[in-house]
Amino acid sequence: MCGIAGWVDFARPIDHDVARAMTATMARRGPDADGLWTGDHVALGHRRLSVIDIEGGCQPMVAEERPGARAALTYSGETYNFQELRAQLTSLGHHFTTRSDTEVVLRAYLQWGAGFATRLEGIYAFAVWDMDREELLLVRDRMGVKPLYYAETSRGVLFGSEPKAILAHPAFEPVLDAEGLRDILSVAKVPGNAVFRGMREVPAGCAVRVGRAGVSEHRYWQLEAGEHTDSLDTTIRTVRDLLEHIVEQQMVSDVPLCTLLSGGLDSSSLTALAAHATREKGLGRIRSCSVSDPDLDGTAGEGANEDHVYARLLAEHVGSDHSELPLRAPDLLDPALRDSVLRAYDLPIAKGDEHASLHLLFSIVRQHSTVALSGECGDEVFGGYRWQRDPDAVFSTTFPWVHEGRANYRGNEVVFTPDLLAKLDLAAYEQDCHSTAVAEIAAHRTVDDPAEARYREVTYLALTRHAQVLFDRKDRMSMACGLEVRVPFADHRLVEYTFNVPWAMKSFDGREKSLLRAAMRDLLPEAVAQRVKTPYPSIRAEAYNRTLRERLALLVRGSSSPLDPFFAPALKAAVRAEGPAALERGMSRAALETTLQLDAWLRAYDVDIVL
């Protein structure tokens, strides 16, 4: 996993110093090496985290063999089927000088052209410059696990793994308009939106062409609703076979690898599969890592402070080398850590404790591993969330997680002026986002039963909207520490197969994630296999909320915040009269976090507000 950046300008020579500055912003994503390649109208930058072919996989990588077969590549990610593709390309006459998947991707483009992305299995974001066509191709993996941003200019395009690469170019001015503010204040992520005016994120499963004629975006992969004809037994067996193959593929690495083990069904399944594959190959024991923190809580009955019990049980059962990593709530309020999280993410966030805890976790994991397997997307794929099983949430007219958890985000109406809220009209924005998403899958056209069609829509929303937030969080926090995190449950083959499995089959035993539990039962301790799903842990310490209220009250009392013109007069009056206590009414933790983060982001990134 690495960081990429670049610049195409069809009218002026490339400024090498600017291109180097853009590339340098990716240093935390790629601490091992850097590179810059320039052509007549293009600069491709690369920062490398060495994982496969440490000596031979340097980038950008260039092939200049003959007219029509000349291209340069800057690449971030992993192509898990690169060995199979390499063999196929060798049979077609290609010669390789490295063992890297990077060279395979480059030569796949030379052989099959822009459509070659459909042959790749993995997580990736890359840019290919075709020297003969004078055309740039930006490609992002099917599920959007790895990020890729771009911004059109009057003469070409700027691009990078993170917004900071584009922001490093002097021609791009950071501006927040109403559309960007809607993205920040709502809980509906819109594929392609990047908050900064004039910047876009390449949507998952899409490619962008940049040539003299302009910029065009097209989709090369899309989930589609259809019929599932396999029996329950066949479905369970297929899920197991897919997972075994996917995990084995994703364990290929020339550097130390571990699993992130929470003790839940998802991470336990991956650790068990990894341990099984390791034993089968005679490679010893897999390493697993978990968090031990008495200040975190998942639910009222069973929390993250009990996770370590299940993690230890699973680790002992599969024989992994297990480490428990200390993590305490007070550390998450450290201003330096919060600033580091903001700088890694480039955007304000609503769940500061979750991002900060992951940042700390990954910084510790990185001390002994460079690659980690994580259980993200297991809930989306197999139906693990409560809102996927609650009929009121499922059959609501909005995103089911929004319907179920709306109270957890209350506070915008307390913080901001009525005029601003009227202009943003977040309720209408949310409905538009939901309607657009549902129209993309059009499940009612191929699924006769209206209830089953809605469950298919909810699964689509989970995979294309909800999971994207998790991927962003995992990517930014891990890559900020130079750690590559792989997500086997997001493999597109597993996603495609399970997507159209009827909901009755996904919940055949009356539990969440029925298929996964059945597929993995023989590898898991009974207590882990039967464990009830617990949400991602959040801080239960009231001192954390109190500190957030104190910091926001201090902000509201002053007049230096760029948000000051938008703070509601009633809020200012209440804070002047009551101090932080005024923020105990109607203010969720998410609203407190978002407002503080928004203020810090506007200052740190010198963002102009143009509403």
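Whatever comes next refers back to the structure up there.
Description of the structure in this document. (Residues numbered from 1 in each chain as written. Predicted model: local features only at pLDDT ≥ 70, side-chain atom pairs only at ≥ 80, totals over all residues. Heavy atoms only, no water.)

Of the strand pairs in this sheet, strand 12 (residues 206-211) and strand 13 (residues 214-219) are connected by six bridges, and their pairing is antiparallel. The partner of G211 across the bridge, within strand 13, is G214. What sits between the antiparallel neighbours strand 12 and strand 13 is a turn of two residues. (Pairing = 2+ DSSP bridges. Helix = DSSP H or I, 4+ residues; strand = E, 2+ residues; numbered from the N terminus.)

One turn of the α-helix equals 3.6 residues, which is why residues spaced by three or four share an orientation. Between its terminal C-alpha atoms helix 3 (residues 101-112) stretches 16 Å, which fits the 16 Å expected from twelve residues at 1.5 Å a residue. Of all twelve residues in helix 3, ten are buried, a share of seventy percent or more. Among the residues making up helix 3, those that are buried are D101, T102, E103, V104, V105, L106, R107, A108, Y109 and L110. As for helix 3, its buried residues are in contact with strand 4 (61-64), strand 5 (70-79), helix 2 (82-91), strand 6 (122-130) and strand 7 (135-140). Within two residues after helix 3, G113 carries a phi angle of roughly 75°, on the positive side. (Expected span 1.5 Å × (residues − 1). Buried < 20%, exposed > 50% of the residue type's maximum accessible area, 1.4 Å probe, protein only. Contact = heavy atoms within 4.5 Å.)

Turning our eyes to something else, we now look at the packing of aromatic side chains. Enumeration over the complete set of coordinates arrives at 13 aromatic pairs. Ring centres of F10 and W129 lie 6.3 Å apart, and the angle between their planes is 40°; on these two criteria the pair is classed as tilted. You can see F10 sitting in the loop between strand 1 (2-9) and helix 1 (16-24) and its partner W129 sitting in strand 6, a full 119 residues away along the chain. According to the relative accessible area criterion, F10 is buried, its value standing at 13%. Classification of W129 by relative accessible area gives buried; the value is 4%. Aromatic side chains Y124 and F126 sit 5.6 Å apart centroid to centroid with 40° between the ring planes, which places their arrangement in the tilted category. When sorted by exposure, Y124 lands in the same class as F126, which is buried. Among the aromatic residues, those joined into a ring-pair cluster are Y75, Y109, F116, Y124 and F126. Residue placement shows R343 over the ring face of Y605; its charged tip is 5.3 Å from the ring centre. Above the plane of the ring of Y345 lies R476, whose end atom (NZ or CZ) is 5.6 Å from the centre. (Phe/Tyr/Trp six-rings, centres within 6.5 Å; stacked < 30°, edge-to-face > 60°. Lys NZ or Arg CZ within 6 Å of the ring centre and 35° of its normal.)

This paragraph deals with the nonpolar core. Generally speaking, nonpolar side chains in soluble globular proteins are found buried as a group. Among the nonpolar cores identified, the biggest contains 90 residues, and F126 and C377 are the most heavily contacted of them. If one sorts the elements of this core by residue count, helix 7 (residues 265-280) sits on top with seven residues. Here F126 is in contact with I4, L73, T74, Y75, S76, V105, F116, L120, L137, L138, V139 and L148, once residues within four sequence places are set aside. (Core = buried A, V, L, I, M, F, W, Y, C linked by side-chain atoms within 4.5 Å.)

On to the packing of helix 2 against helix 3, then. A pair of packed helices is captured by two measures, namely the crossing angle of their axes and the spacing between those axes. Across the interface, helix 2 lies against helix 3 with an axial gap of 10 Å and an inter-helix angle of 45°. Considering their axes alone, helix 2 and helix 3 lie oblique with respect to each other. Between helix 2 and helix 3 lies a crossing of left-handed hand. Every residue of helix 3 that contacts helix 2 at F82, L85, R86, Q88 and L89 is listed here: D101, V104, R107, A108, Q111 and W112. A class-by-class count of the residues in the contact of helix 2 with helix 3 yields six nonpolar, two polar and three charged. (Axes fitted to C-alpha atoms, helices over the stretch in contact; angles between N-to-C directions. Parallel < 35°, antiparallel > 145°, perpendicular 65-115°, else oblique. Left-handed = near helix turned anticlockwise from the far one by under 90°. Nonpolar A, V, L, I, M, F, W, Y, C, P; charged D, E, K, R; others polar.)

Turning next to the sheet that holds strand 12. Spatial strand order, 4-5-6-7-12-13: six strands in an open sheet with antiparallel pairing. Each having just a single partner strand, strand 4 and strand 13 make up the two edges of the open sheet. Across the sheet, the mean angle from the axis of one strand to that of its neighbour is 15°, orientation sign disregarded. Pairing between strand 4 and strand 5: four bridges, direction antiparallel. Considered in strand 5, the bridge of E64 is made with R70.

In this fold, A582 is placed in the loop between helix 23 (569-578) and helix 24 (589-604). Along the chain, A582 and R549 lie 33 residues apart, while their C-alpha atoms are 8.7 Å from each other. Those residues in contact with A582 that sit more than four places away from it in its chain are A574 and V575.

What follows covers the environment of E78. Of note, E78 is situated in strand 5. Under the relative-accessibility criterion, E78 is labelled buried at 3%. As a C-alpha pair, E78 and D141 span 63 residues in sequence and 10.0 Å in three-dimensional space.

Counted residue by residue, helix 5 (residues 178-185) has seven buried out of eight residues, so it is predominantly covered. Taken residue by residue, helix 5 has A178, G180, L181, R182, D183, I184 and L185 as its buried positions. If you check the start of helix 5, you find a side-chain oxygen 3.2 Å away from the backbone N of E179, and it comes from D177. (Polar contact = N/O pair within 3.5 Å; in protein donor to acceptor, adjacent residues only side chain to side chain.)

In terms of residue burial, strand 9 (residues 156-160) counts as a mostly covered element, since five of its five residues are buried. With five bridges connecting them, strand 1 and strand 9 associate as antiparallel partners. Looking at strand 9, one finds that A5 is bridged to G160. Taken together, the four bridges between strand 8 (residues 149-152) and strand 9 define a ladder with antiparallel strand orientation. Across the sheet, residue Y149 finds its bridge partner in strand 9, namely G160. Counting the residues in the hairpin turn of strand 8 and strand 9 gives three residues.

Another point: the sheet that holds strand 8. Pairing is antiparallel in the open sheet, where six strands are placed in the order 2-3-1-9-8-11. Among the strands making up the open sheet, the edge pair consists of strand 2 (33-38) and strand 11 (200-201). Examined bridge by bridge, strand 1 and strand 3 (residues 42-48) share seven bridges and lie antiparallel to one another. Paired with C2 across the strands is R48, a residue of strand 3.

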